[in-house]
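# Architecture at a glance
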Amino acid sequence: MTSRLERIAKQRQEKLARIRARGINPYPHRRQRTHTTQQAIDLLKKQEAAPDEVRAVTIMVAGRITAHRRMGPISFMDLRDGSGKIQLMIDRQALDDTNKELLKDLDIGDIILAEGVLFRTRSGEPTVKAGILTLLSKSLKPLPEKWHGLSDVDTRYRQRYLDLIANPEVKETFKIRSRIISAIRQFLDERGFVEVETPMLQPQAGGALAQPFLTHHHALDRDLYLRIAPELHLKRLIVGGLDKVYELGRTFRNEGISTKHNPEFTMLESYEAYADYSDVMKMLEEMVSQICLKVLGTDQVKFGENTINFKPPWQKLDLRQAIISYSGIDFARYPDASSLRARMQGLKLEVDPKKDRGRLIDELISSFVEPNLIQPTFLLDYPIEMSPLAKRKADDENAVERFEAFAGGMEIANAFTELNDPLEQRERFQRQQKEQKPGAEVESVDEDFLQALEYGMPPCGGLGVGIDRLVMLLTGQQSIREVILFPQLKEKP
C-alpha cells in the first residue's frame, strides 16, 4: 500500500517533469537577489518614513516557500531566507502564461526568486507584490507535518537541516554560538594572545585523563590518537617563546554520551607565560561577562528556573570545604582510595573499584557539589593526585593551584598554575603509571613534552573552557545536543 508521503513525492516528481517539459530548468545556475528578506523589510520602512525620498522600486527576494494560502485569484506565500521571512502576494490574473503554469506546480519547500514591489497590507504585513517568479530549486520531499513546530527530537538531531527550516529559534541559537566564538577570539586577540593550531592526530593521548579514540595511519604504519586535549603541544609553544597562545578547536574523548557530554566537542585552551591561576581566574570572569554583554546585551542569563549573573567577581569556594558542606565527607581524613571508597559506600554511592583516590574525589564533586553551583563559582585548590600537570601550592604540598569554574550546575572551565619543573613532572607521570590499576585512566608519559620542559618553561597559567557548555548557558539550552549542529547519535534500529 502506497503511503501518503510516497504519493506526495510522486506528485512532486510529476510536477518536476511538467516544469522540465516547458523548457524550464528547475535547478538553474546563479540568480542574483537584490535584497534579503530583512533588507526588504528595512527598505519598506524607509519608503514609509520618507516616501518622497525613497522611490518605490522593483526588488528581487529569494528563499524557501514555507506557507501558501489562496484567496480567490490571489495567492499569498511566506518566503523565508537566512535573515527572516517576508510575505509574497501574487495576483494570478496578472501573471503571464509561463508564471501562471509555474505557480500551479510550486509546493511548500520550493526555493524561488520573486520580483516585485514592496507594500504593507491592511493587517500591517510587509509584502512583496510579485509579478515574476523564478524556480531556483524544486523540493521533491515534503517538509515534516506541522513543519513550523517540528518537535520529534530524534528527527531534529538526525536531520538538522529540517530542524533549521522548521524552527527559526534553532537557527538563532547557532547564530548566537557563532557570535560567542567570535567574541572569544576578539577578547583574546585584544589581549595579545596568538591563535594557533596543534595536531589533532597525536602519537600519544595526553593533557587529560580520558579514553582516546584510536586510528591507524597506513603511510607511517603507526597508531595515532585523536587528541583528548591540546595542552601539551600548547605548552611546547610557551617553551618556544610564544608567551600568550590559544586554540579553539575540536577535542575527542571516547566516553559516555549525556546531556552534558558529546564524544567530540569544542574546547578553548589558552596559556599565558608569567601568569598563575589567580590571573586566569580574573581573565575568565571578565571574558564571560564581556561576551554576555556583547552578544546578548546583558550579563544576566535565564537558565531553566534560574537567572545566572555573570558579572564579576564570581563566588570562590575552597574545594575541600565545599565537599564537606555538601556531602559531609572530609577527604583529607581518608588518605587512600580504599578508605575513601568505603566512606562513600556508606552514603550508598556505587563506586567503581578501579577508580583511584583522585577520581573518587571527582565523583564527590559531581555528585554533591556541582549540582548546587548555579551562580558562577570557582572551586579552588585540588588534591595533587587529581592534577598531575598543575603546580603544587607553596603552603600545602598535598594540593595544587587549580580551579574549576561552574555555573548552571555544570563545569564550564578548568585551569592550573602549570607545573614547569621537568623533574617533578616526570616523577608524577611515573608514579601514576606505577599505581595504575587495570582499566584505569592515567596521564601518559610524553617524553618529547618532558624534553621541552627541560629547556625551561616560564611560570604559566593555563585555561580550558568547554565552549558547548558555555553556549548552553548563554542560550538557555538544557542539552548539549541543542548547541552542536550534528551531535553523535546511536545508530537507528
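Counting from 1, residues in each chain are numbered in the order their sequence is written. Local features are withheld for residues below a pLDDT of 70 in this predicted model, meaning they are given only at 70 or higher, and side-chain atom pairs are given and counted only at 80 or more; totals for whole chains, interfaces and linings count all residues. With hydrogens and water set aside, each side-chain value is computed from the structure's full complement of heavy atoms.

### With respect to the overall build of the chain
Let me state the cut-off plainly: Strands are runs of DSSP state E lasting at least two residues, helices are runs of H or I lasting at least four, and both sets are numbered from the N terminus onward. We call a residue buried when its accessible area falls under 20% of the maximum for its residue type, exposed when it is over 50%, and partly exposed in between, using a 1.4 Å probe and counting protein chains only. Contacts were defined at the residue level, with two residues in contact if any of their heavy atoms lie within 4.5 Å. With residues, only the protein chains shown are counted as cover, and all accessible areas are computed by Shrake-Rupley using a 1.4 Å probe.
When helices and strands are tallied, the chain shows 14 helices and 19 strands. Taken over the C-alpha atoms alone, the chain extends approximately 85 × 60 × 50 Å along its principal axes. With 493 residues in all, the chain has 48% of them scored as buried. In the chain, 64% of the contacts between residues at least 6 apart in sequence involve partners at least 24 apart. Taken as a whole, the chain presents about 24400 Å² of accessible surface, with 50% of it coming from carbon and sulfur.

### A look at the sheet that holds strand β8 (residues 213–217)
Two pairing modes exist for strands in a sheet, parallel and antiparallel, and in both the strands are linked by backbone hydrogen bonds. Rule in force here: Two strands form a pair only when DSSP identifies at least two bridges running between them.
With respect to topology, three strands assemble into an open sheet ordered β7-β9-β8, the strand pairing being antiparallel. Bordering the open sheet on either side are β7 (201–202) and β8, each of which pairs with just one other strand. Across two bridges, β7 lies against strand β9 (residues 222–226) in antiparallel orientation. Considered in β9, the bridge of Leu 201 is made with Leu 226.

### Points about the pairing of β8
Summarising the sheet, β8 and β9 pair through five bridges and their orientation is antiparallel. Among the inter-strand pairings, His 217 is bridged to a residue of β9, identified as Arg 222. Hairpin connection, β8 to β9: the antiparallel pair is bridged by four residues, and Asp 221 has positive phi, about 50 degrees.

### Some points on the pairing of strand β10 (residues 244–252)
Of all nine residues in β10, seven are buried, a share of seventy percent or more. Note that strand β6 (residues 194–195) and β10 share two bridges and pair parallel. Counted as the bridge partner of Val 194 is Val 245 from β10.

### Regarding the nonpolar core
One recurring pattern in soluble globular proteins is that nonpolar side chains are buried together. The condition is simple: Only buried residues count toward a nonpolar core. Its members are Ala, Val, Leu, Ile, Met, Phe, Trp, Tyr and Cys residues joined through side-chain atoms within 4.5 Å.
One finds Ile 184, Leu 284, Phe 310 and Phe 403 to be the most contacted residues of the largest nonpolar core, which totals 46 residues. Top element by residues in this core is helix α8 (residues 277–296). It accounts for ten residues. Those residues within four positions of Phe 310 in sequence are excluded, and the remaining contacts are Glu 285, Val 288, Ser 289, Cys 292, Asp 299, Val 301, Pro 376, Ala 407, Leu 473 and Leu 474. Counting 40 residues, the second largest nonpolar core, distinct from the first, contains Leu 234, Leu 373, Tyr 382 and Phe 406.

### A closer look at the side chain of Ser 139
Of note, Ser 139 is situated in the loop between β5 (126–137) and α4 (153–158). Assessed through its relative accessible area of 13%, Ser 139 is described here as buried. Sequence-distant contacts of Ser 139, that is, excluding residues within four places in its chain, are made with Arg 12, Gly 109 and Asp 110.

### Quick word on the sheet that holds strand β4 (residues 111–120)
Cut-off, in case you're wondering: Here an axis means a line fitted to C-alpha atoms, over the contact stretch when the element is a helix, while the angle between two N-to-C directions is reported on a 0 to 180 degree scale.
Pairing within the closed barrel is mixed, and its five strands lie in the order β1-β2-β3-β5-β4. The average undirected angle you get between the axes of adjacent strands in this sheet is 55 degrees. Relative to β5, β4 runs antiparallel, the two sharing ten bridges. Paired with Glu 115 across the two strands is Ile 132, which belongs to β5. Those strands touched by helix α3 (residues 97–104) are β1 (58–71), β2 (74–81), β3 (84–91) and β5, and its axis lies near 80 degrees from that of β5.

### As for the packing of helix α10 (residues 337–345) against helix α11 (residues 357–369)
Under the convention used in this document: Throughout, the term roughly parallel applies to angles under 35 degrees, roughly antiparallel to angles over 145, roughly perpendicular to angles from 65 to 115, and oblique to all others. Two helices that cross are described as forming a left-handed crossing if the nearer one is turned anticlockwise from the farther one by less than a right angle, and a right-handed crossing if clockwise. Classification convention: Asp, Glu, Lys, Arg as charged; Ala, Val, Leu, Ile, Met, Phe, Trp, Tyr, Cys, Pro as nonpolar; all other residues, Gly among them, as polar.
At their nearest, the axes of α10 and α11 sit 9 Å apart, and the two run at 25 degrees to each other. As the angle between them shows, α10 and α11 are arranged roughly parallel. As α10 runs across α11, the sense of the crossing is left-handed. Facing α10, whose interface residues are Ala 337, Leu 340, Arg 341 and Met 344, α11 presents Arg 357, Leu 360, Ile 361, Glu 363 and Leu 364. Tallied by class, the residues present in the contact of α10 with α11 amount to six nonpolar, no polar and three charged.

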